[in-house]
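# Survey of secondary and tertiary structure
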Amino acid sequence: MTPQAKIAILQKLIQIPSVNDHEAAVADYLTTLFAPYPQATVEHLTYAPGRDNLVVTIGQATGPRLGLSGHMDVVAPGDTTAWHHDPFGGEIVGDQLFGRGASDMKSGLAALVVTMLEFLEAGTPLPGSVRLLATVGEETGEYGAAQLTDAGYADGLAGLVIAEPSGLDNVVYTARGVIDYKVVSTGKSSHSASPENGINAIDNLMKFYNAVGPLMAQHTKTDPVLGGLLHNVDLISGGEQINSIPAHAELMANMRTIPAYPNQVIYDELEGLVAQLNQQPGVDLALSYSYPEEAIPGDPNAPLVQLAKQVSDQVCGHDTHVVGSGGANDGAEFLRAQGDFASIEIGPGNDTSHQADEYVDLPEYLQAVEVYEQLIPAFLRQAAYR
């Protein structure tokens, strides 16, 4: 496949506006690319109307299986007047391709797809199989990866490569988890001149707010790569008008967890605090979570990690760093699958993800294909003899 053909695939992906939805259009386009190859098994798993996960498997039925993962959704472009390029145009200026998802992470997804297509086109013999797990909903909760995991598509993997935009000079082997939670306080409205007739939902919510900070601050363990537990209350709202005792108030908080504190530890403490406060007269607090993910422990010396570093060093001519990530990814869901395997992130991209004029450097995108084309068969050979 020519460089121009590889770039055209990425352009087409950028031109599909899969903003937190419409991933089926991406899956349908990718399916057309694999259609000429009957030896590729292509499956769609629908999450919701217009939202299909895509699974493509190639190679030998016997031998180890390496998973490749990329998500098909992107975040909204935001204020389009801040962009100098059409967010869904796939415009190329010099060596840079612009558009929403160019970095996060349609360039990584395209590089994985191109790699598999080149294996098929060349008839490359693989000592095992490769399975693409293209997901919906990563940006809003990893629920596509959760659905694929529950359906067994990640069972028995020997390893997993996620093409998130680490940059090719980084191999990410460990990542923070995430807990987004909401606390709703229900009170009773009354005229503010007669507060004794009401129950102030804001006052009761603040009891939780004032207690949860010190409670989370007791978690003082730190991870040598990821750092400590992070807890931030980021949204608070409540009340109806200035002269009414508020009957409703709520807050939302974001936590970034580390392996030393499994999510269940945090759940137990938050739920215990709410239960304790609800014993007070008039207090009515309700706690809920949004798509929590466990931290990924990882092992920097795992064979997949070290092999990815070695291949990237050789292909790119730099010293690839073995690092951790502060953000969650689909690997947290896939690691629930049956089996024991390492998950890494290595993919093209940069720090323009989620920003105006997001872009990817095309030489890095093309180089990512080279990395994957060397990494995949090398890992399968290595895994076959372990």
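Presented here is a report on the structure given in the accompanying data block. (Residues numbered from 1 in each chain as written. Predicted model: local features only at pLDDT ≥ 70, side-chain atom pairs only at ≥ 80, totals over all residues. Heavy atoms only, no water.)

## Quick word on the overall build of the protein chain
Of regular secondary structure, the protein chain possesses nine helices and 19 strands. Its C-alpha radius of gyration of 23 Å places the protein chain within 12% of the 21 Å reference for a compact globule of 386 residues. Structurally, the protein chain occupies a C-alpha span of about 80 × 50 × 35 Å along its principal axes. When burial is assessed residue by residue, the protein chain has 52% of its 386 residues classed as buried. Long-range contacts, defined here as pairs at least 24 residues apart, represent 80% of the contacts in the protein chain between residues at least 6 apart. Accessible surface, the protein chain as shown: approximately 15,800 Å² in total, 50% of it carbon and sulfur. (Helix = DSSP H or I, 4+ residues; strand = E, 2+ residues; numbered from the N terminus. Rg over C-alpha atoms; globule rule 2.2 N^0.38 Å. Buried < 20%, exposed > 50% of the residue type's maximum accessible area, 1.4 Å probe, protein only. Contact = heavy atoms within 4.5 Å. Areas by Shrake-Rupley, 256 points an atom, 1.4 Å probe, with all protein chains shown as cover.)

## Some points on helix α5 (residues 201–217)
Every α-helical turn comprises 3.6 residues, leaving residues that sit three or four positions apart pointing alike. Under the 1.5 Å per step criterion, the end-to-end length of α5 is 25 Å for 17 residues, consistent within 8% with the ideal 24 Å. Those residues of α5 lying buried are A201, N204, L205, F208, V212, L215 and M216. Residues of α5 that are buried make contact with β9 (177–186), β13 (230–238), β15 (248–257), α6 (263–277) and β16 (285–293). For α5, the capping residue at the N-terminal end is N200, with a side-chain oxygen 2.9 Å from the backbone nitrogen of I202. (Expected span 1.5 Å × (residues − 1). Polar contact = N/O pair within 3.5 Å; in protein donor to acceptor, adjacent residues only side chain to side chain.)

## Observations regarding the packing of aromatic side chains
Applying the stated criterion across every chain, the model contains five aromatic pairs. Centre to centre, the rings of Y47 and Y143 are 4.7 Å apart; their planes meet at 25°, and the pair counts as stacked. Of this pair, Y47 sits in strand β1 (residues 41–48) while Y143 sits in helix α4 (residues 143–150), placing them 96 residues apart in sequence. Among the residues examined, Y47 registers a relative accessible area of 34% and is labelled partly exposed. On the accessibility criterion, Y143 (12% relative accessible area) is buried. Three or more aromatic residues link up through ring pairs in this structure, and these residues are Y47, Y143 and Y291. (Phe/Tyr/Trp six-rings, centres within 6.5 Å; stacked < 30°, edge-to-face > 60°.)

## Some details on the nonpolar core
Counting residues in each nonpolar core, the largest one holds 67 residues, and the members touching the most others are L30, I58, L68, L109, L132, V161 and Y372. Looking at this core, the element that brings in the most residues is helix α9 (residues 362–384), giving twelve residues. Counting 25 residues, the second largest nonpolar core, distinct from the first, contains L229, A253, Y267 and L270. (Core = buried A, V, L, I, M, F, W, Y, C linked by side-chain atoms within 4.5 Å.)

## Some words on the sheet that holds β15
Here we have four strands laid out as an open sheet, ordered β13-β15-β9-β16, and antiparallel in their pairing. The open sheet terminates on both sides in strands that have one partner only, identified here as β13 and β16. Averaged over neighbouring strand pairs, the angle between their axes works out to 15° when direction is ignored. Pairing of β9 with β16 involves seven bridges; the strand directions are antiparallel. Residue pairing for β16: K182 is matched across the bridge by S288. Sheet contacts for α5: β9, β13, β15 and β16; angle to β15, the most-contacted strand, approximately 15°. (Pairing = 2+ DSSP bridges. Axes fitted to C-alpha atoms, helices over the stretch in contact; angles between N-to-C directions.)

## Notes on the sheet that holds strand β4 (residues 92–93)
The strands making up a sheet are joined through hydrogen bonds of the backbone, oriented either antiparallel or parallel. The strand order β4-β5-β19 describes an open sheet built from three strands, whose pairing is antiparallel. Edge positions in the open sheet fall to β4 and β19 (359–361), since each of these has one partner strand only. Direction of pairing for strand β5 (residues 96–98) relative to β19: antiparallel, over a ladder of three bridges. Note that in β19 the partner of Q96 across the bridge is D361. Running over the sheet, helix α1 (residues 3–14) touches β4, β5 and β19 and is turned about 20° from β5.

## Overview of the pairing of β15
Burial analysis of β15 places seven of its ten residues in the buried class, which makes it a mostly covered element. The sheet contact formed by β9 and β15 spans ten bridges and is antiparallel. Within the sheet, the bridge partner assigned to S185 lies in β15 and is A249. As judged from the eight bridges shared by β13 and β15, these two strands associate in the antiparallel manner. In the strand pairing of β15, L230 is matched with R256.

## With respect to the side chain of D357
With respect to the element layout, D357 can be found in the loop between β18 (342–345) and β19. Buried and without a salt bridge, D357 has R100 as its closest oppositely charged side chain, separated by 8.8 Å. Among the polar contacts made by the side chain of D357, one reaches the side chain of H84 at a distance of 2.7 Å. Residue contacts for D357: discarding those within four places in its chain leaves A82, W83, H84, H85, F98 and T352. (Lys, Arg positive; Asp, Glu negative; His and termini not counted. Salt bridge = Lys/Arg side-chain N within 4 Å of Asp/Glu carboxyl O.)

## A closer look at the pattern of salt bridges
Side chains that differ in sign of charge can pair as their charged atoms come close. Counted according to the given criterion, the structure contains nine salt bridges. Residue D319 pairs with K309 through a salt bridge whose shortest N-O separation is 2.8 Å. Here D319 is found in the loop between α7 (303–316) and β17 (321–325), whereas its partner K309 is found in helix α7, with ten residues between them in sequence. For R336, the salt bridge is made with E333, and the minimal N-O distance between the two is 2.7 Å. By relative accessible area, which is 9% here, E333 ends up buried. Through salt bridges with shared partners, a single network forms among D21, E23 and R51.

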